[in-house]
Each structure stands twice: as C-alpha cells, then as structure tokens.
Amino acid sequence: VALPARIDLDRRAIPEQIAHGLTRLVLSGELPPGRALQEGTIASDLGVSRTTVREGVRLLERSGLVRYESNRGAVVREPSPSNVRDVYRARLAVELGAACASFTELFDAAPIEQATAALGAAVDGGDPGDAVAADLEFHAAIVAAAGSTRLTDAFTGLSNELRLYVTTLSARAGQDPVRPVLSEHDAITAAARSGDRGELVALLTQHITEEAARAMALVDDGADGPATPRRG
Ligand SMILES: [Zn+2]
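The text that follows walks through the structure, step by step, so that each part is easy to find. (Residues numbered from 1 in each chain as written. Predicted model: local features only at pLDDT ≥ 70, side-chain atom pairs only at ≥ 80, totals over all residues. Heavy atoms only, no water.)

1. Thoughts on the coordination of the zinc ion
Only Asp135 (OD), His139 (NE2), His185 (NE2) and His207 (NE2) from the protein coordinate the zinc ion, and they sit 2.1 to 2.2 Å from it. In this structure, the zinc ion is surrounded by 4 donor atoms whose angles at the metal cover 86 to 172°, and the resulting shape is irregular. Look at where the donors of the zinc ion fall in the sequence and you get D-x3-H-x45-H-x21-H. In this pair, aspartate 135 sits in helix 6 (residues 128-144) while histidine 185 sits in helix 8 (residues 182-194), placing the two residues 50 residues apart along the sequence. Using a relative accessible area of 5% as the deciding quantity, one classes aspartate 135 as buried. Given the relative accessible area of 0%, histidine 185 is considered buried. (Donors = N, O, S within 2.8 Å, 3.2 Å for Na, K, Ca; no water. Tetrahedral: all angles 85-135°; square planar, octahedral: opposite > 155°, others 65-115°. Helix = DSSP H or I, 4+ residues; strand = E, 2+ residues; numbered from the N terminus. Buried < 20%, exposed > 50% of the residue type's maximum accessible area, 1.4 Å probe, protein only.)

Here you go:
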C-alpha cells in the first residue's frame, strides 16, 4: 500500500481544532484546574464523534494541560507541589541548556529585544494572563537563540503547563505575576546582547528559581482553596 493513501489529513484537522479551542478555555480559566472534560457533551455540542474529541483531548494531555484519571477521564491539571516543582526543574534545565549552547558567536539579539518590548506592553495592558503569556514568549526567544529545534520543542512542551500554573496560582492569591519582576527581563536582555554568557546563566538561574519558589509558596499556602484538606 502506498503510504499517502494511509494518511487521513482531513480527519486530523478537527482534533487539532478541538485541542486548540480547549487549550484556550483552560488557559483563560473557563475550564479551571480540577474540572473534568465531558467528552460526550463536547462531542454532541460540536456534532463530532467521541473518538474525534478524545483525539483532541490527547493532544492536550501531551501539552501537559490535562491528565487522565481512571474514573473521571481527562481532568485539567492542578498546580500541585509535585507538578509545579517538576515543571520548573525541567524549565530551568532547558533554559540554562539553551543559554550555554548559544551566544558563543555573533547572534541576533533583535528577537529578544522585541520580546522584551512586547512583555512591557503586555504588563502595561493590565491583563495578568497576557503578561504571563508574554513572559513565556520572552523566555521562548532566549531558548530560540540557541538555534536548536529540539530545545525549542522542549520549551514549547512546558510552556502551556507553566502558563496554566502561574496564571492560576497568582489569580488565586490576588498577586500580579509579572510586574514585580519586569526589570529582571531588561537585565537578562542586556546580558544576552553583550554576549556575557556567565552573567546570562546567573541571571536566568536567579529569575527562574525565584519564580519557582514563589509558585511553590503559593501552592504551600493552600492556594487550592480552604475547602481542600491539607496533607503532610
Ligand atoms: Zn520571566
């Protein structure tokens, strides 16, 4: 059998559209952490098969936004201590790896500077969700400077989950997630522009570990809500 005859492109597009729509609902908080996705209801609402919805939900699972529970199906991930700790560990490894791999020769600082400007504009805009997204775009530009599609893919794979946790935790605590650390991005950009890799690694390490510590403190503060029993 010729290979092209076995690839069904049209069928594939719908699950991706479903995944895209569900991602938007999760990141906007309309589908909050802990909420089970009702695959049957989504299927009948959209007039598609349950199998098609499940394929879309699988894509969300791959990007870390939902996990399957045996009796509830796909559930939006909660920012639990273990999830938050693990995603920040992986993020630190990817960003520092990119910083170490790049800036060894002349490189183009323009995308990083554009991302810095976009970040400032997003913070001024006043929507915390937009600011978190722009913050992650800034860090994606740092990773992209390494010129490695594998590192870029690794960061993309973490960024939806990071966005979900930072947005959720800061909203629950009533905190502004990005404005207090906005100037740190200027310092990181300056280090990248000057090609000072040691400084870049030091600043990124501090920036990411402090953000991880803030996120962990919010999880430990019972940010899951007073109704949730605390364990440990
Ligand atoms: Zn940042």
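2. Points about helix 2 (residues 39-46)
Within the sequence span of helix 2, burial applies to Glu39, Ile42 and Ala43. The buried residues of helix 2 occupy an angular sector of 100° when the element is viewed end-on, so they sit on one face. Those residues of helix 2 that are exposed and angled more than 90 degrees off the buried face are Ser44 and Asp45. Just beyond helix 2, the residue with positive phi is glycine 47, at close to 70°. (Arc of directions from axis to C-beta.)

3. A closer look at the pattern of salt bridges
What the rule picks out here adds up to 9 salt bridges. Here glutamate 95 makes a salt bridge to arginine 91, at a shortest N to O gap of 2.7 Å. Here the residue glutamate 95 and the residue arginine 91 both occupy positions in helix 4 (residues 81-101), the gap between them amounting to 4 residues, near one helical turn. Residue classification places arginine 91 among the buried residues on the basis of a relative accessible area of 1%. (Salt bridge = Lys/Arg side-chain N within 4 Å of Asp/Glu carboxyl O.)

4. Considerations on the pairing of strand 1 (residues 66-69)
The pairing of strand 1 with strand 2 (residues 73-76) spans 4 bridges and is antiparallel. Within the sheet, the bridge partner assigned to tyrosine 68 lies in strand 2 and is alanine 74. Adjacent in sequence and paired antiparallel, strand 1 and strand 2 are bridged by 3 residues. (Pairing = 2+ DSSP bridges.)

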